[in-house]
Amino acid sequence: MESVEPVPWQEREPLEGPIGVPLVDLLDRLMATGVVISGDLVIAIADVPLVRLSLHALLSSVSERVPAPWADSGPL
């Protein structure tokens, strides 16, 4: 039976160097599946809200192989 090497985060010894996913791979995965970004920013003085900004965004890739859900050029 072959011995399986543990992945870096399962080792008992301290980690050396950065461990993570390259930015290109992370962006590729996010764009392939899509991601929703949502957030609120409130600027207040003395607990009185003065300005509120809301952000809601959907990021996804577009493929020519997937047909559009509209019969014409789009909803507009």
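Per an unreviewed UniProt entry, the recorded name for the chain is Gas vesicle protein, and the organism is Streptomyces phyllanthi. Per its UniProt entry, the chain bears the Subcellular location (unreviewed entry) comment "Gas vesicle". Turning to the chain, the UniProt record has this under Sequence similarities (unreviewed entry): "Belongs to the gas vesicle GvpA family."

**Student:** Please explain a nonpolar patch on the surface as it appears in this structure.
**Tutor:** On the surface, a cluster of nonpolar side chains totalling about 640 Å² of accessible area is made up of L41, I43, I45, V48, L50, V51 and L53. Breaking the nonpolar patch down by element, the ones donating at least two residues are β1 (35–45) and β2 (48–59). With respect to the element layout, I45 can be found in strand β1. On the basis of relative accessibility, which here comes to 56%, the residue I45 falls in the exposed class.

Conventions adopted
- Residues numbered from 1 in each chain as written.
- Predicted model: local features only at pLDDT ≥ 70, side-chain atom pairs only at ≥ 80, totals over all residues.
- Heavy atoms only, no water.
- UniProt positions renumbered as here; feature names shortened; annotations may be inferred.
- Patch = residues over 30% accessible without salt bridge, like charges linked within 9 Å, V, L, I, M, F, W, Y side chains within 5 Å.
- Areas by Shrake-Rupley, 256 points an atom, 1.4 Å probe, with all protein chains shown as cover.
- Salt bridge = Lys/Arg side-chain N within 4 Å of Asp/Glu carboxyl O.
- Helix = DSSP H or I, 4+ residues; strand = E, 2+ residues; numbered from the N terminus.
- Buried < 20%, exposed > 50% of the residue type's maximum accessible area, 1.4 Å probe, protein only.

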